[in-house]
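# Remarks on the overall topology
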Amino acid sequence: LRAWLLEVALEAATERDAAGTKDMETANLFHNVAVTLCEFDKHSDALKYYEKALDIYQDIYGDGHPTTARIYRNMASVYTGQGNHDKAMECCNKALGTFLTPHTANVYNVIARIYGALDDRDKQLEFLFKARGLCDDAVGTCMTICKEQGDTKMAQVFQSKAEDVCKELAHIHANFASFFEKSANYSALQDLYNRVLETFQRVYGNNHPEVAKICYNMGNFYAKRGNSANALKYYDEALAIKRTTIGNRHPD
C-alpha cells in the first residue's frame, strides 16, 4: 500500500513540478515525497525533492523560519547517510540558525551522527549529551505546563508537544546506542535499545520503518551475543514490518 501511495504522490509531484507550481501545497507534497523516498532508501531522489521543497519554502518564508530549517535538517540526515559529511555539516549549520528547543536537539543529533561517521567519538558524545539535555529540559517544561493548565484542550496541546520531544529523544537514544556499540558497552546498549523500541512503538505504532530498524539492530545485538532465539525473534519482527510497509519485492 505504501509503495502504491508513493507512486501516486510521485505522479502528482511530477505534474506540479512540470507546471511550475510554487505554492504551500506543492512544497508540502515535495517534502512528504522526499520523506517517503527516504523510507524506501531512495536517498538521491529524496534529496531532489527536498531541494524542490526548500526552494518554495524559501520563497514563502525565507531562510529564518523553522519550516525551512527542517528541510536543511532532513537533508543533513540524508547527506550523512551518503557519507557526504561536508554537505551534511553545511546543512546543520544553516538549520541551527533558526531552530529552538526541542528542534535544536534534532540538529545536534545529526551533528553527532556526522562525528560518529568520522570516528570523532569525543565530539560525537559531546553533541549527544547536548541533544539529550535539550530534550530533557523540554519534556520537563511541557509536563509542568500540563499540570498547571486548567484548560483541557490546552493541556492536550502541551501533551502533544511532550510526545514530539519524546520521539526526538528516542532518536537520540538510538544514536547513543550506536556509540555504545562501538565501545562494547553491551549492558548500556541493551537498555537503550529496549527504551528506543518502546518509545518508537508508542509514538509511531508497531508497523513503522523506524520500529523495523530498531528490531533489526536488536537482532544483530543478540546474534553477536550468541542469543539465537532472541535474534530470530527481532529479525522476524523486522521482516514482518518490512513486508507490511514496502512489500516482498523490495531489496530490504
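Structure report, in brief. Remember, it's a predicted structure, so these values are computed and weren't measured experimentally. Numbering of residues starts from 1 in each chain and follows the order in which that chain's sequence is written. Only residues with pLDDT of at least 70 are given local features in this predicted model, and only at 80 or more are side-chain atom pairs given and counted; all residues enter the totals for whole chains, interfaces and linings. Heavy atoms throughout the structure, all of them, feed into the side-chain values; hydrogens and water do not.

## A word on the packing of aromatic side chains
In this scheme Phe, Tyr and Trp rings, the latter by its six-membered ring, pair at centre separations within 6.5 Å, and the angle between planes marks the pair as stacked below 30 degrees, edge-to-face above 60, and tilted otherwise. Applying the stated criterion across every chain yields a total of six aromatic pairs. Measuring from ring centre to ring centre gives 5.0 Å for Phe 221 and Tyr 222, while their planes differ by 75 degrees; the resulting arrangement is edge-to-face. Owing to a relative accessible area of 8%, Tyr 222 belongs among the buried residues under this scheme. Among the aromatic side chains, those forming a connected cluster through ring pairs are Tyr 193, Phe 221, Tyr 222 and Tyr 234. Exposure classes here rest on a 1.4 Å probe applied to the protein chains alone. A residue is buried below 20% of its type maximum, exposed above 50%, and partly exposed in between.

## Considerations on a nonpolar patch on the surface
On the surface, Trp 4, Leu 5 and Val 8 cluster together to form a nonpolar patch covering roughly 300 Å² of accessible area. When you line up the elements, Trp 4 lands in helix α1 (residues 2–19). Owing to a relative accessible area of 53%, Trp 4 belongs among the exposed residues under this scheme. Exposure above 30% relative accessible area and no salt bridge define the residues that can form patches, which grow by joining like charges within 9 Å and nonpolar side chains of Val, Leu, Ile, Met, Phe, Trp and Tyr within 5 Å. Accessible surface area values rest on a Shrake-Rupley calculation with a 1.4 Å probe, where residue burial reflects the displayed protein chains alone. Salt bridges are identified by distance alone: a Lys or Arg side-chain nitrogen within 4 Å of an Asp or Glu carboxyl oxygen. Strands are runs of DSSP state E lasting at least 2 residues, helices are runs of H or I lasting at least 4, and numbering of each runs from the N terminus.

## Some thoughts on unusual backbone geometry
A positive phi angle, near 65 degrees, is found at Asp 41, a position not held by glycine. Positionally, Asp 41 belongs in the loop between α2 (24–39) and α3 (43–61). The residue Asp 119 is not glycine, and still its phi comes out positive at about 60 degrees. With respect to the element layout, Asp 119 can be found in the loop between α6 (103–117) and α7 (121–148).

## Focus on the side chain of Thr 68
Following the sequence through the fold, Thr 68 ends up in helix α4 (residues 66–82). We call two residues in contact when some of their heavy atoms are within 4.5 Å. Setting aside anything within four residues of it in sequence, one finds Thr 68 in contact with Leu 54, Tyr 57, Gln 58, Tyr 61, Gly 62 and Asp 63.

## Section: the packing of α2 against α3
Running from N to C, α2 and α3 point in directions that differ by 155 degrees, and their axes come no closer than 8 Å. On the basis of the axis angle, α2 is roughly antiparallel to α3. As α2 runs across α3, the sense of the crossing is left-handed. Facing α2, whose interface residues are Met 24, Thr 26, Ala 27, Asn 28, Phe 30, His 31, Val 33, Ala 34, Val 35, Leu 37 and Cys 38, α3 presents His 43, Asp 45, Ala 46, Tyr 49, Tyr 50, Lys 52, Ala 53, Ile 56, Tyr 57, Ile 60 and Tyr 61. The nonpolar class holds Ala, Val, Leu, Ile, Met, Phe, Trp, Tyr, Cys and Pro. Asp, Glu, Lys and Arg form the charged class, and all remaining residues, Gly among them, are polar. Within the contact of α2 with α3, the residues separate by chemical class into 16 nonpolar, four polar and two charged. To obtain each axis, a line is fitted to C-alpha atoms, and for helices this fit is confined to the stretch in contact; angles are then taken between N-to-C directions over 0 to 180 degrees. Any angle that is under 35 degrees is reported as roughly parallel, and any over 145 degrees as roughly antiparallel; angles of 65 to 115 degrees are reported as roughly perpendicular and all others as oblique. Handedness of a crossing is defined here by the sense of rotation of the near helix relative to the far one, left-handed for an anticlockwise turn of less than a right angle and right-handed for a clockwise turn.

## Things to note about the pattern of salt bridges
Under the counting rule described, the total for this entry stands at six salt bridges. Ionic pairing is found between Arg 16 and Asp 23, a salt bridge with its closest N-O pair at 3.7 Å. Judged by relative accessible area, which is 31%, Asp 23 ranks as partly exposed. A salt bridge links Glu 25 to Arg 16, with the shortest nitrogen-to-oxygen separation between them at 3.1 Å. On the basis of relative accessible area, Glu 25 is assigned to the exposed category, the value being 54%. A network of salt bridges, in which partner residues are shared, links Arg 16, Asp 23 and Glu 25.

## Here we look at the packing of α3 against α4
At their nearest, the axes of α3 and α4 sit 9 Å apart, and the two run at 160 degrees to each other. Accordingly, the angle class assigned to the pair α3 and α4 is roughly antiparallel. In this structure, α3 crosses over α4, and the sense of that crossing is left-handed. For the pair α3 and α4, the contacting residues are His 43, Ser 44, Leu 47, Tyr 50, Glu 51, Ala 53, Leu 54, Tyr 57, Gln 58 and Tyr 61 in the first and Thr 67, Thr 68, Ile 71, Tyr 72, Asn 74, Met 75, Val 78, Tyr 79 and Gln 82 in the second.

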